[in-house]
Structure formats: structure tokens, C-alpha cells
Amino acid sequence: QVQLVESGGGLVQAVGSLRLSCAVSGRTFSVSAMGWFRQAPGKEREFVAAITWSGGRTYYADSVKGRFTISRDNAKNTVYLEMNSLKPDDTAVYYCAAGSTATIFRTPDYWGQGTQVTVSS
């Protein structure tokens, strides 16, 4: 089993910045990729970003490219999402996810509990 715990969510003004963290524990050998998803009220959950543990290759949704940066600290088993130039449309519950390169983009194997990010105008 794999456990994911997010932290760092909160309230921030537009054009501000926020960093989310996701600590991974358990049988981490089964995880080769990590990602972030978000779900706004009345909207479907959408992919935000992903990173591979071994090579550090990154992937981003068009809506956040150039503003968000995903990174990982292998020694700490932690993944980060640095969010800059935030917009009210970024308001959502953000979920950390884990899986393989075959599952991470659409159907991750594991999910965190979610953390609320609210961007005011």
C-alpha cells in the first residue's frame, strides 16, 4: 500500500504564489510516477502535472504551463507543485496522485486526501 499526504493549500490573492507538497510513504517501489490533479466546484477532475521518479521528466496541462512547476526530492520522498501567477480559475481542491507511467495521466493507482487552494481577485 502507498500513502500520500498533501500540504500547503490555502488562500492567496491573484498573481500570488503557493507551493504544495506531497509526502509519499509505504511500498514506494511500486510507484514510478507522481502527479497532481485538481477539481473545481461543478467541474470534473483534471490533470495538472506529472513527473517520473527516475528520470524527472515533467508533463503539464496547457492551462498551467509556464506558471506551475512540478519537482521531486527523492531523498525525502516528496513531490512539490510550485504555483505562480495564480488566477481565480486555479481555485480547486488539489490532489496528489501516484502510479506508473501507464496509469498516472488518467487513472492513477493512489490518491491523496486533497488540499484546498483558493485564489481571490
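Here's a quick rundown of the structure. Note that this is a predicted model, so its numbers are computed, not measured.

Regarding its fold elements, the chain presents zero helices and 11 strands. Walking the chain from its N terminus toward its C terminus, one meets helices and strands in the order β-β-β-β-β-β-β-β-β-β-β. Relative to the globule expectation of 14 Å for 121 residues, the C-alpha radius of gyration of the chain, 13 Å, shows essentially globular dimensions. If one aligns the C-alpha atoms of the chain with their principal axes, the spans along those axes are about 40 × 30 × 25 Å. Burial analysis of the chain (121 residues in total) assigns 42% to the buried set. Accessible surface for the chain amounts to roughly 6,300 Å². Of this, 47% is attributable to carbon and sulfur atoms. Charge centroids of the chain, computed over 12 positive and 9 negative side chains, lie 4 Å from each other.

So, on to the sheet that holds strand β1 (residues 2-7). Reading across the sheet, the four strands line up as β1-β3-β8-β7 and stay open at both edges, with antiparallel pairing between neighbours. Every interior strand has two partners, whereas the edge strands, β1 and β7 (68-73), have only one. Within this sheet the neighbouring strands show an average axis-to-axis angle of 20°, counted without direction. As paired strands, strand β3 (residues 18-26) and strand β8 (residues 78-83) are joined by six bridges and run antiparallel to one another. Each bridged residue has a counterpart across the sheet, and for Arg19 the counterpart in β8 is Glu82.

Cut-offs applied
- Residues numbered from 1 in each chain as written.
- Predicted model: local features only at pLDDT ≥ 70, side-chain atom pairs only at ≥ 80, totals over all residues.
- Heavy atoms only, no water.
- Helix = DSSP H or I, 4+ residues; strand = E, 2+ residues; numbered from the N terminus.
- Rg over C-alpha atoms; globule rule 2.2 N^0.38 Å.
- Buried < 20%, exposed > 50% of the residue type's maximum accessible area, 1.4 Å probe, protein only.
- Areas by Shrake-Rupley, 256 points an atom, 1.4 Å probe, with all protein chains shown as cover.
- Lys, Arg positive; Asp, Glu negative; His and termini not counted.
- Charge placed at Lys NZ, Arg CZ, Asp CG, Glu CD.
- Pairing = 2+ DSSP bridges.
- Axes fitted to C-alpha atoms, helices over the stretch in contact; angles between N-to-C directions.

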